[in-house]
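Secondary and tertiary structure notes
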Amino acid sequence: MVNTTREQTGPVPAGAAGAAARNTNAGRGPVGGGALVPADVLARADRILFVAHLAIGDFTYLQACLRAFARAYPHVRIHVWVDERRRTKDPAMWPHLRKYALYDWLAECTWIEKVYDSTYSPATFEASIAAARAENYPIVASLAVVDCHRYARMVRGISPRGFVVALTKPAERLVHAPSRWSAYRKLDGAIPVYTAADKPGHISEVYAGWFARFFGVDVPPAARLPRLDLSDRWVRAAHAQFAEWGFGDGRPVVFLNPYSKSPDRTWPLEYVAALARALRTRPAWRDAGVVVNVVPEALDDARRALTRRADPALSHIRLFSADEHFFQLPAVMRLCSLVVSVETAVMHLANAVGVPVVALMRRNCPEWAPIDRENSTVLMVPEMDDWVTSIRVEDVLTELDARDAGAPLARSA
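Here's what I pulled together on the structure shown here. (Residues numbered from 1 in each chain as written. Predicted model: local features only at pLDDT ≥ 70, side-chain atom pairs only at ≥ 80, totals over all residues. Heavy atoms only, no water.)

So, the overall build of the chain
Helix and strand content of the chain: 15 helices and 13 strands. Taken across its 413 residues, the chain has 52% of its residues classed as buried. Put simply, 72% of the contacts in the chain that link residues at least 6 apart link residues at least 24 apart. For the chain, the accessible surface area stands at approximately 18800 Å², while carbon and sulfur atoms represent 52% of it. (Helix = DSSP H or I, 4+ residues; strand = E, 2+ residues; numbered from the N terminus. Buried < 20%, exposed > 50% of the residue type's maximum accessible area, 1.4 Å probe, protein only. Contact = heavy atoms within 4.5 Å. Areas by Shrake-Rupley, 256 points an atom, 1.4 Å probe, with all protein chains shown as cover.)

Comments concerning helix α10 (residues 232-245)
Its 14 residues give α10 an end-to-end C-alpha distance of 20 Å, which sits within 8% of 20 Å, the value for a rise of 1.5 Å per residue. Listed as buried for α10 are Trp234, Val235, Ala238, Phe242 and Trp245. Seen end-on, α10 carries its buried residues on one side only, within an arc spanning 105°. Residues of α10 that are exposed and point over 90 degrees away from its buried face: Asp232, Arg236, Ala243 and Glu244. Remark: glycine 246 follows α10 within two positions and exhibits a positive phi of approximately 85°. (Expected span 1.5 Å × (residues − 1). Arc of directions from axis to C-beta.)

So, the packing of aromatic side chains
Using the criterion set out here, one finds 24 aromatic pairs in the structure. A ring pair is formed by phenylalanine 69 and phenylalanine 215, whose centres lie 5.1 Å apart and whose planes are at 75°; its orientation type is edge-to-face. Taken as a pair, phenylalanine 69 in helix α3 (residues 56-72) and phenylalanine 215 in helix α9 (residues 203-215) lie far apart in primary sequence, 146 residues in all. Residues phenylalanine 69 and phenylalanine 215 agree in their burial class; the two are buried. Pairing tyrosine 207 with tryptophan 210 gives two aromatic rings, centres 5.0 Å apart and planes at 45°, and the pair type is tilted. Placement of both tyrosine 207 and tryptophan 210 in helix α9 is noted, with a separation of three residues, approximately one turn of the helix. In this pair, the class of tyrosine 207 matches that of tryptophan 210, namely buried. (Phe/Tyr/Trp six-rings, centres within 6.5 Å; stacked < 30°, edge-to-face > 60°.)

Some details on unusual backbone geometry
At asparagine 136, a residue that is not glycine, the phi angle is positive and equals roughly 50°. Summarising the element assignment, asparagine 136 is placed in the loop between α6 (122-134) and β5 (139-142). A residue is classified by how much of its surface remains accessible, and asparagine 136, at 48% relative accessible area, is partly exposed. You will see that aspartate 147, though not glycine, has its phi angle at about 50°, which is positive. Within the secondary structure, aspartate 147 is located in the loop between β5 and α7 (148-158).

Thoughts on the environment of aspartate 58
You can see aspartate 58 is positioned in helix α3. Taking C-alpha positions, aspartate 58 is 9.2 Å from serine 204, a pair spaced 146 residues apart along the chain.

Some thoughts on α6
Relative to the 18 Å expected for 13 residues at 1.5 Å per residue, α6 spans 19 Å between its end C-alpha atoms, a close match to the ideal helical length. Considered for burial, the residues of α6 that qualify are Thr124, Phe125, Ser128, Ile129 and Ala132. Angular distribution of buried residues about the axis of α6 spans 145°; they occupy a single face of the element. Exposed residues lying more than 90 degrees from the buried face of α6 are Ala123 and Ala134. On its buried face, α6 is in contact with β3 (77-82), β4 (112-116) and α7. Count one or two residues on from α6 and you reach asparagine 136, which has phi positive near 50°.

Regarding the pattern of salt bridges
Pairing is possible between side chains that carry opposite charge, provided their charged atoms lie close to one another. Counted under the stated rule, the structure contains 21 salt bridges. Of the charged contacts in the structure, one is a salt bridge between aspartate 301 and arginine 304, with a shortest N-O distance of 2.2 Å. In this pair, aspartate 301 and arginine 304 both sit in helix α12 (residues 299-307), three residues apart, roughly one turn of the helix. We classify aspartate 301 as partly exposed; its relative accessible area is 42%. Because the salt bridges share partners, they merge into one network encompassing Asp46, Arg47, Arg77, Glu113, Lys114 and Glu135. (Salt bridge = Lys/Arg side-chain N within 4 Å of Asp/Glu carboxyl O.)

So, the packing of α3 against α9
Contact geometry for α3 and α9: axes closest at 9 Å, N-to-C directions at 30°. It follows that α3 is roughly parallel to α9 by the angle criterion. The crossing of α3 and α9 is right-handed. Contact residues: Asp58, Tyr61, Leu62, Cys65, Leu66 and Phe69 in α3; Ile203, Ser204, Tyr207, Ala208, Phe211 and Phe215 in α9. Across the contact of α3 with α9, the residue classes tally to ten nonpolar, one polar and one charged. (Axes fitted to C-alpha atoms, helices over the stretch in contact; angles between N-to-C directions. Parallel < 35°, antiparallel > 145°, perpendicular 65-115°, else oblique. Left-handed = near helix turned anticlockwise from the far one by under 90°. Nonpolar A, V, L, I, M, F, W, Y, C, P; charged D, E, K, R; others polar.)

Overview of the nonpolar core
Judged by nonpolar contacts, the single largest core of 105 residues is most densely connected at Phe69, Phe211 and Phe215. The greatest single-element share of this core, amounting to ten residues, is contributed by α3. If sequence neighbours within four positions are ignored, phenylalanine 215 has contacts with Ala35, Val37, Leu42, Ile48, Phe50, Phe69, Tyr73 and Ala141. Counting 39 residues, the second largest nonpolar core, distinct from the first, contains Ala273, Ala278, Val358 and Val388. (Core = buried A, V, L, I, M, F, W, Y, C linked by side-chain atoms within 4.5 Å.)

Printed below as a string of structure tokens:
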């Protein structure tokens, strides 16, 4: 697999570089002096490389900052390096890593010119490093929040003569302090990674702060809401899928997402089955369909637990997996009446497509709650170290009962 490059769609507007160098804040441009990357460096630059270990949830909010940067500096072409933290020598894992759903979304972002999406093996990583070095980037920014010192070395290695900025984190042990100092001293500018002691607001506020401090780019609160641009292809496909499921008759549909990459954020299938059964005892949801979002590797287990049983109380369940393209997921979610999700990108995508969400979260990362408070309910685990399994089916039902003064409205737009 090669890294993905999009041809530039048009010439740089005349005078764009000069305009960017001026402090012309209109809610979306440079916000004034004090940015770590000097205005003259940004004015001269024709490209910038952002390096991050992106997950879908990260990009759901980071995209607003990248869009704001593109508006503020239209002459600077945006390249993005997606560093695969699961990089491995095992060839059996490569097909799965190549198919990372985020790449589908990035490929649809016309304001990103190039994506380094082949960092899943040591060989492809080294090839990508060589390709990035050959670009001679005038600006490189690391937005990595783990192993910050390693990414600091990496971005300086990519651009030995460019202006390089990164996030930093102090050594946890004194013995590691010299290596951290050695890495960070090569940067032209740095921002410390936030900690729980900083009591950060929403993660979108943290990201906006980075872009204001690094580049003088303003991302106002209204612009931080997640956004998805679904093409007619995926909207039509979702409607066809609903019709095939027998959900095209206007009934409410609940989208359940119990899966996460880590067990402490995963809801058991027996909870899913219990919730699906209980919905049929609630007048507002008695006729509702239930779509269960399943990761591909768990489909067989989900079929055995939920759809192969001769249980009429589970006959309204349909299993779903976005196995063709990432946009299948938000397109199907958009047609649902309610999303119930564990702590993954799905709860943020619900905000992006405008569907009410009940989010099941641990207590250690409150800044990652869904941003749209009016359409989001967060159920937190009781104790700091609890897993989401400590949020019971009865807790979700209590929340639904409290919401259901009136019958839910089915979404079919």
